[in-house]
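Structure at a glance
Single-letter residue listing:
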Amino acid sequence: MKLIKMDEVQAEKVDWLWYPYIPYGKVTLVQGDPGDGKTTFILAVAALLTRGKQMPETDVICTPAPVIYQTAEDGLSDTVKPRLEEMGADCSRVIVIDESEQALTLSDERLEQAIISIRAKMLILDPLQAYLGGGVDMHRANEIRPLFKALAGAAERTGCAVVIIGHMNKMNGTKGLYRGLGSIDIAAAVRSILLVGRDRENENTRIMAHLKSSLAPEGCPIAFELDRESGFRWVGAYDVSVDDILNGTRLEREPTKKLQAISLIMEMLRDGDMPCEDIYKRLGEHDISRRTAETAKREAGVRSYKNGAEWKWSLLGKNTATPQ
């Protein structure tokens, strides 16, 4: 018998492709109903990675990196390639493993070999059901666990962010973690679960929200638009609950809270600059989160600057300090 003393275990910091949604070296699940934009969402993330662009609602700019994208649902030439081009991806950094002679599974050694070969920083498998392998019942925990253990091992050894696209069942009214198809062990095996759903009041708007986050605090919901004429566009932070997305209730809080925050910020700064902590406190009294405050700040054209040891907010043109 081998025993491990925790004082001898070296603690390691988690690296992130997109904090706090998609960690490197771990498995992330993106799930939602058919047609709600799961694949479009993750391809948009992949496009940003291939170009080394900034992820939404972050200040970190990633280094351009290769992505492996495996799909069993869409044609490469008539669907995947046009989508990637529309989103501005560097298609020379998007790689597909040829499955014409042998289909891939979650435990296939070719996944790790391909990641190492091209130094991929992201692997996408779309959808989950297509990569379980013949004869595997996704509702049986004893059949699912070995597959995910193998995939998680490959992700950890290579440091690659592995993202799986999954569909949802029709069990409305249940917790989000139980809405994914298959065994609950699938949700238990991944480190992050992202839900993609529709804004029922705006047909073109989709929302990504955190269902599970094992390695960091849950991130705020992020919205994006899908329009036939203008195509894909990131919207940014969106103040809505997971239950709203799952149950299809009216999503009215985001514009209400944001507009309320803008009005309060403009009122507070009308007579001069204010410490940002005082502003956060005042907004908090109105149940307005810091994330919503930051969104309102940007839209109101407010700058922040450091005055000694204190950060302040100011309307444009109202201060002479170096803005941040």
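Everything that follows concerns the structure shown earlier in this document.
First, a word on scope: everything that follows refers to the structure included in this document. Please read these numbers as outputs of a predicted model, since none were measured by experiment.

This paragraph deals with the side chain of Gln 70. Mapping Gln 70 onto the fold places it in strand β4 (residues 67-71). Relative accessible area serves as the criterion here: at 1%, Gln 70 is assigned to the buried category. Within the local environment of Gln 70, its side chain forms a polar contact with the side chain of Glu 99, the two groups lying 2.9 Å apart. When sequence neighbours within four positions are dropped, the list of residues in contact with Gln 70 reads Ile 95, Val 96, Ile 97, Glu 99, Leu 104, Ile 124, Leu 125, Asp 126 and Tyr 131.

Burial analysis of strand β6 (residues 122-126) places five of its five residues in the buried class, which makes it a mostly covered element. Burial along β6 is two-sided: Met 122, Ile 124 and Asp 126 and Leu 123 and Leu 125, pointing in opposite directions, are all buried. Relative to β6, β4 is paired through five bridges, and the arrangement is parallel. Residue pairing across strands places Tyr 69 opposite Ile 124, the latter belonging to β6. For the segment spanning β6, helix α4 (residues 141-158) and strand β7 (residues 161-167), crossover handedness is right-handed.

A few words now on helix α3 (residues 109-118). Looking at α3, one finds that the buried residues are Leu 111, Ala 114 and Ile 115. Angular distribution of buried residues about the axis of α3 spans 100°; they occupy a single face of the element. In α3, the exposed residues that point more than 90 degrees away from the buried face are Glu 109, Ile 116 and Ser 117. Buried residues in α3 make contact with β4, β6 and α4. Arg 119, located one to two residues past α3, shows a positive phi value of around 60°.

Pairing is mixed in the open sheet, where nine strands are placed in the order β5-β4-β6-β7-β3-β8-β9-β10-β11. For this open sheet the edge positions go to β5 (94-95) and β11 (231-237), each flanked by a neighbour on one side alone. Across four bridges, strand β9 (residues 202-213) lies against strand β10 (residues 222-227) in antiparallel orientation. When the bridges of β10 are listed, Arg 206 appears paired with Phe 224. Helix-sheet contacts for α4 involve β3 (27-32), β6 and β7, and the interaxial angle to β7 is about 145°.

A word on the layout of surface pockets. A volume near 320 Å³ is recorded for the largest pocket. If you trace the largest pocket, you find 19 residues lining it, with Trp 16, Leu 17, Trp 18, Tyr 19 and Val 60 closest to the centre. Looking at the lining of the largest pocket residue by residue, the classes come out as 13 nonpolar, two polar and four charged. Considered as a void within the structure, the second largest pocket measures approximately 270 Å³ in volume. What lines the second largest pocket is Gln 54, Glu 57, Thr 58, Asp 59, Arg 291, Glu 294, Lys 297 and Arg 298. Per-class residue counts for the lining of the second largest pocket are no nonpolar, two polar and six charged.

Another point: the pattern of salt bridges. Using the criterion set out here, one finds 16 salt bridges in the structure. In this structure, Lys 81 engages Glu 85 in a salt bridge whose closest nitrogen and oxygen atoms are separated by 3.7 Å. Of this pair, Lys 81 and Glu 85 both sit in helix α2 (residues 76-86), four residues apart, roughly one helical turn. Since its relative accessible area comes to 38%, Lys 81 is described here as partly exposed. Residue Glu 277 is joined to Arg 290 by a salt bridge in which the shortest nitrogen-to-oxygen separation is 2.8 Å.

Let us look at the state of the cysteines. Under the counting rule described, the total for this entry stands at zero disulfides. No disulfide involves Cys 276; its nearest neighbouring cysteine sulfur is the one of Cys 220, lying 18 Å away. Cys 276 sits in the buried class, given a relative accessible area of 11%.

Take the packing of helix α8 (residues 276-284) against helix α9 (residues 290-299) next. The interhelical angle for the contact between α8 and α9, taken along N-to-C directions, is 115°, at an axis separation of 10 Å. Helix-helix and strand crossings are classified by hand; for α8 and α9 the assignment is right-handed. Mapping the contact onto sequence places Glu 277, Tyr 280 and Leu 283 in α8 and Arg 290, Ala 293 and Glu 294 in α9. Class assignment of the residues belonging to the contact of α8 with α9 gives a composition of three nonpolar, no polar and three charged.

Definitions and cut-offs
- Residues numbered from 1 in each chain as written.
- Predicted model: local features only at pLDDT ≥ 70, side-chain atom pairs only at ≥ 80, totals over all residues.
- Heavy atoms only, no water.
- Helix = DSSP H or I, 4+ residues; strand = E, 2+ residues; numbered from the N terminus.
- Buried < 20%, exposed > 50% of the residue type's maximum accessible area, 1.4 Å probe, protein only.
- Polar contact = N/O pair within 3.5 Å; in protein donor to acceptor, adjacent residues only side chain to side chain.
- Contact = heavy atoms within 4.5 Å.
- Pairing = 2+ DSSP bridges.
- Right-handed = clockwise from strand over helix to strand, strands pointing away.
- Arc of directions from axis to C-beta.
- Axes fitted to C-alpha atoms, helices over the stretch in contact; angles between N-to-C directions.
- 1 Å grid on protein atoms, 1.4 Å probe; cavity = no way out; pocket = protein on both sides within 12 Å on 5 of 7 lines; lining within 4 Å.
- Points joined across faces, edges and corners; volume = space filled by probe spheres on them.
- Nonpolar A, V, L, I, M, F, W, Y, C, P; charged D, E, K, R; others polar.
- Salt bridge = Lys/Arg side-chain N within 4 Å of Asp/Glu carboxyl O.
- Disulfide = S-S within 2.5 Å.
- Left-handed = near helix turned anticlockwise from the far one by under 90°.

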